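# Examination of the molecular architecture
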Amino acid sequence: MAKIATDRTTLDLFAADKRAGRPKTNPLPREEQLKLNKRNQIKRDRSNGLKRIEFKVSGQLYAALTQAAEQANTTRSTFIEQLLEQALSR
C-alpha cells in the first residue's frame, strides 16, 4: 500500500515522521522549570570544581563592573574572578 505525503488521516503511517511546528511544552509550570534549571546549573558547576559566592554591591559598582567587563570582552563573573586572583597574588 502506497502512502501519500499529504494524507494525514491515517496517522499510523506517519507516526515516525517529524512534523513541523511548536515542540511539546514542558509539563511543569515556569516557576518550577526555573528552579530545576538553577539546581542543574549548580550541580554542573560543582562537578566542574566551581564554588558559588554571592555578595551585594552598590548599583554604581555593578554598572562599573559590567562596563569594565564589556571593555575587556568577557563576562562580568570572569572579570570579577580575574580581579580577585590579581588581588590575592599581590
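Presented here is a report on the structure given in the accompanying data block. All of these numbers come straight from a predicted model, not from anything done at the bench.

Below, the discussion takes up the side chain of Q33. Along the chain, Q33 falls in helix α1 (residues 30-47). On the basis of relative accessible area, Q33 is assigned to the buried category, the value being 17%. Excluding anything up to four places from it in sequence, Q33 contacts N26 and L28.

The next thing to look at is α1. Quick reminder: α-helices carry 3.6 residues per turn. Residues three or four places apart thus point the same way. If you check α1, its first and last C-alpha atoms are 26 Å apart, about what 18 residues at 1.5 Å a residue would give, namely 26 Å. Following α1 by one or two positions, G49 has its phi on the positive side, about 85°.

Right, let's talk about a nonpolar patch on the surface for a bit. Nonpolar side chains collect at one region of the surface, where I53, F55, V57, L61 and Y62 lie side by side and expose about 500 Å² of accessible area between them. With respect to the helices and strands, the residue Y62 is situated in helix α2 (residues 59-71).

In this section: the pattern of salt bridges. What the rule picks out here adds up to two salt bridges. Close ionic contact of K35 with E31 constitutes a salt bridge, the shortest N to O distance being 4.0 Å. One end of the pair, K35, and the other, E31, are both in helix α1, four residues apart, so they sit about a helical turn from each other. Assessed through its relative accessible area of 44%, K35 is described here as partly exposed. Classification of E31 by relative accessible area gives exposed; the value is 54%.

Rules behind the numbers
Residues numbered from 1 in each chain as written. Predicted model: local features only at pLDDT ≥ 70, side-chain atom pairs only at ≥ 80, totals over all residues. Heavy atoms only, no water. Helix = DSSP H or I, 4+ residues; strand = E, 2+ residues; numbered from the N terminus. Buried < 20%, exposed > 50% of the residue type's maximum accessible area, 1.4 Å probe, protein only. Contact = heavy atoms within 4.5 Å. Expected span 1.5 Å × (residues − 1). Patch = residues over 30% accessible without salt bridge, like charges linked within 9 Å, V, L, I, M, F, W, Y side chains within 5 Å. Areas by Shrake-Rupley, 256 points an atom, 1.4 Å probe, with all protein chains shown as cover. Salt bridge = Lys/Arg side-chain N within 4 Å of Asp/Glu carboxyl O.

These figures capture arrangement, not role.
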